[in-house]
Amino acid sequence: TGLVTYDPALANTAATASAVTYLDGEQGILRYRGYSIEDLAEGASFVETSYLLIYGELPTKEQHDSFSRALSEHSLLHEDMKRFYDGYPMTAHPMAILSAMVNSLSTFYPEAQDSLNPVERERTIVRLLSKLRTIAAFAYKKLHGEPFVYPQNNLSYCANLLHMMFALPTEPYEVDEDLVQVLNQLLILHADHEQNCSTHTVRTVGSAQTNLFASISAGINALWGVLHGGANQAVVEMLEEIHADGGDVRKYIELAKDKNSSFRLMGFGHRVYKNYDPRARIIKDAAYRVFDKLGIHDPLLEIALKLEETALSDSYFTDRKLYPNVDFYSGLIYRAMGIPTNFFTVMFSLGRLPGWIAHWKEQIEDPSRRITRPRQLYTGPEARTFVPLSERG
Ligand code: CMC
């Protein structure tokens, strides 16, 4: 096939150069723009981290204030967009609502189509960062049959999200600062992960000069898949099933090892991490903190711990270097915070948004960019003679 290389699932292909995120899967290192994930999770806010990913540097105090102000200015949705929510059934998966709403933003802000115009690009970026949070919170309200709660711009990014999701007009709602802190940390840990499936999707769609809203909408759909962001929902569903089935962890470990079964241990394994996932370590600590703070005793946490311990003492998992990934404990935290299971991947999307934006921006600003257009190995029939329908019998 001449110069064409065959690399299914692009497992060994660097499809792009990127200055956003450094990942060493052997050593378990993850850095955004050179800063370790541990330091950022410990000391930065999600808004600062977003700025860092998108613009390449941590913001100065002044840059931070003006970025936060811009996010506040754009936090409302066009009133007409509220009506879209009426059309969805109460049982709708919120990821479908999320991607449709983000795509719909292109109809309200057609100037986003001018991706090559730096002024429009910046405006679109801030708009989307702010509005995705409102879109997500309204989806939550719709699925609970509750009235929408508008953003309150004196609140921080994460506090505002919790407020829009959980406040009711009938009673005062006090945002719990500890939960804000944990949410902040979770969103930072999810903020970027170099060329994962959804980010690659965003870059690919963006390479056709497709506007940011439409490109991110595609990324949201990619993230929804159970092998990607959908794993956080699948983990808790799996833990619920094990719990309902009497808590026999070993049975599920055996099932995951059985090559005749399609069952996989959700939240385990990673294409790139072959030692441990540094995000999982931080998240596990955060899970303990949240459970302590809320005084929650969740039997699913015990099952998760038992599952992890049993898997890590089994050669099937250690030989294949399968360790808990970021999704193994994140769902348990969201659950403790009162977030419903089918909403976990929406939370992941909110976290991943600055990473997607950073990659979309990086590719559109690259003077040597070209449309993504991989090759294939053709495996179909040789040339055949066409027989008209009337003669085909
Ligand atoms: N349970 C049981 N066996 C597994 C698992 C698992 N979770 N993951 C991989 N394996 C086995 C797989 O069967 C294969 O075995 P063999 O060599 O005998 O055929 C071997 O390990 C390598 O697996 P692979 O499918 O070639 O690995 P991959 O790099 O293509 O897939 C993965 C990576 C994350 C999709 C996969 O590990 C998986 O399906 N995990 C469960 C879903 C999950 O937790 N996804 C979240 C990923 S992290 C966050 C994110 O991306 O959003």
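Above this text you will find the structure in question.
Here the structure is a predicted model, which means the values were calculated and not measured. (Residues numbered from 1 in each chain as written. Predicted model: local features only at pLDDT ≥ 70, side-chain atom pairs only at ≥ 80, totals over all residues. Heavy atoms only, no water.)

Asker: So, the nonpolar core: which residues are in play, and what are the values?
Answerer: Among the nonpolar cores identified, the biggest contains 115 residues, and Ile216 and Leu265 are the most heavily contacted of them. By residue number, the principal contributor to this core is helix H6 (residues 118-144), which donates twelve residues. Each residue touching Leu265, except ones within four places of it in the same chain, is listed here: Met238, Ile253, Ala256, Leu307, Ala311 and Phe317. (Core = buried A, V, L, I, M, F, W, Y, C linked by side-chain atoms within 4.5 Å. Buried < 20%, exposed > 50% of the residue type's maximum accessible area, 1.4 Å probe, protein only. Helix = DSSP H or I, 4+ residues; strand = E, 2+ residues; numbered from the N terminus. Contact = heavy atoms within 4.5 Å.)

Asker: Any details on the layout of surface pockets? Residues and values, ideally.
Answerer: The calculated volume of the largest pocket comes to roughly 1,500 Å³. As for the largest pocket, its lining consists of 50 residues, of which Cys197, Leu227, His270, Arg271 and Val272 are closest to the centre. Elements represented by at least two residues in the lining of the largest pocket include exactly strand E1 (21-24), helix H9 (197-206), helix H15 (315-319) and helix H17 (344-364). It is H17 that contributes the most residues to the lining of the largest pocket, three residues altogether. A class-by-class count of the residues in the lining of the largest pocket yields 22 nonpolar, 18 polar and ten charged. Lining the second largest pocket we find 29 residues, and of these Thr13, Ala15, Thr372, Arg373 and Pro374 sit closest to its centre. Elements that contribute at least two residues to the lining of the second largest pocket include exactly H9 and H17. With three residues, H9 is the single largest residue contributor to the lining of the second largest pocket. Its residues assigned to classes, the lining of the second largest pocket shows ten nonpolar, eleven polar and eight charged. (1 Å grid on protein atoms, 1.4 Å probe; cavity = no way out; pocket = protein on both sides within 12 Å on 5 of 7 lines; lining within 4 Å. Points joined across faces, edges and corners; volume = space filled by probe spheres on them. Nonpolar A, V, L, I, M, F, W, Y, C, P; charged D, E, K, R; others polar.)

Asker: Describe the side chain of Arg203, listing the residues and the values that go with them.
Answerer: Within the secondary structure, Arg203 is located in helix H9. Within the structure, Arg203 has its side chain in polar contact with the side chain of Glu362 (distance 2.8 Å). Setting aside chain neighbours within four positions, we find Arg203 in contact with Thr16, Ala17, Ser18, Gln195, His359, Glu362, Gln363 and Thr372. (Polar contact = N/O pair within 3.5 Å; in protein donor to acceptor, adjacent residues only side chain to side chain.)

Asker: Describe the packing of helix H3 (residues 61-73) against H6, naming the residues involved and giving the relevant values.
Answerer: In a pair of packed helices, the angle between the axes and the distance between the axes together describe the arrangement. In the contact formed by H3 and H6, the axes pass within 8 Å of each other and the chain directions differ by 60°. The angle between H3 and H6 places the two elements in the oblique class. Crossing geometry of H3 relative to H6 is assigned as right-handed. Only Val126, Leu129, Ser130 and Arg133 of H6 make contact with H3, whose side of the interface consists of Phe67, Ala70 and Leu71. The residue inventory of the contact of H3 with H6, partitioned by class, reads five nonpolar, one polar and one charged. (Axes fitted to C-alpha atoms, helices over the stretch in contact; angles between N-to-C directions. Parallel < 35°, antiparallel > 145°, perpendicular 65-115°, else oblique. Left-handed = near helix turned anticlockwise from the far one by under 90°.)

Asker: Any chance you could break down the packing of helix H8 (residues 177-190) against helix H16 (residues 327-336) for me, citing the residues and the numbers?
Answerer: Between H8 and H16, the shortest axis-to-axis distance is 12 Å and the interhelical angle comes to 150°. By the angle between their directions, the pair H8 and H16 is classed as roughly antiparallel. For the pair H8 and H16, the sense of crossing is left-handed. Contacts from Val182, Leu183, Leu186 and His190 in H8 reach Asp327, Ser330, Ile333 and Tyr334 in H16. Of the residues that constitute the contact of H8 with H16, the class distribution is five nonpolar, two polar and one charged.

Asker: Got a sec to walk through the packing of aromatic side chains? Specific residues and values, please.
Answerer: All told, the structure shown has 18 aromatic pairs when counted by the stated rule. Residues Tyr140 and Phe166 carry aromatic rings whose centres are separated by 5.4 Å and whose planes lie at 80° to one another, so their mutual orientation is edge-to-face. A residue pair is termed long-range when its members are at least 10 positions apart, and Tyr140 in helix H6 and Phe166 in helix H7 (residues 157-166) qualify at 26 residues. Taking the centre distance of 5.8 Å and the plane angle of 40° together, the rings of Tyr334 and Phe344 count as tilted. Remark: Phe344 occurs in helix H17 and Tyr334 occurs in helix H16; sequence separation between them is ten residues. Assigned by exposure class, Tyr334 and Phe344 land together as buried. A network of ring pairs unites the aromatic residues Phe268, Tyr316, Phe317, Phe328 and Tyr329 as a single cluster. Looking at Arg133, its charged tip hangs above the ring of Tyr157, at a distance of 4.4 Å from the centre. Positioned above the aromatic ring of Tyr276 is the side chain of Arg281, whose terminal nitrogen or guanidinium carbon lies 3.7 Å from the ring centre. (Phe/Tyr/Trp six-rings, centres within 6.5 Å; stacked < 30°, edge-to-face > 60°. Lys NZ or Arg CZ within 6 Å of the ring centre and 35° of its normal.)

Asker: A description of the pairing of strand E2 (residues 29-32) should follow, citing residues and the corresponding values.
Answerer: Of the two faces of E2, the one holding Leu30 and Tyr32 is buried and the one holding Ile29 and Arg31 is not buried anywhere. The pairing of E1 with E2 spans four bridges and is antiparallel. Each bridged residue has a counterpart across the sheet, and for Asp24 the counterpart in E2 is Ile29. By the bridge criterion, two bridges tie E2 to strand E3 (residues 35-36) in an arrangement that is antiparallel. Across the sheet, residue Tyr32 finds its bridge partner in E3, namely Tyr35. (Pairing = 2+ DSSP bridges.)

Read these as layout, nothing more, since geometry by itself doesn't imply function.
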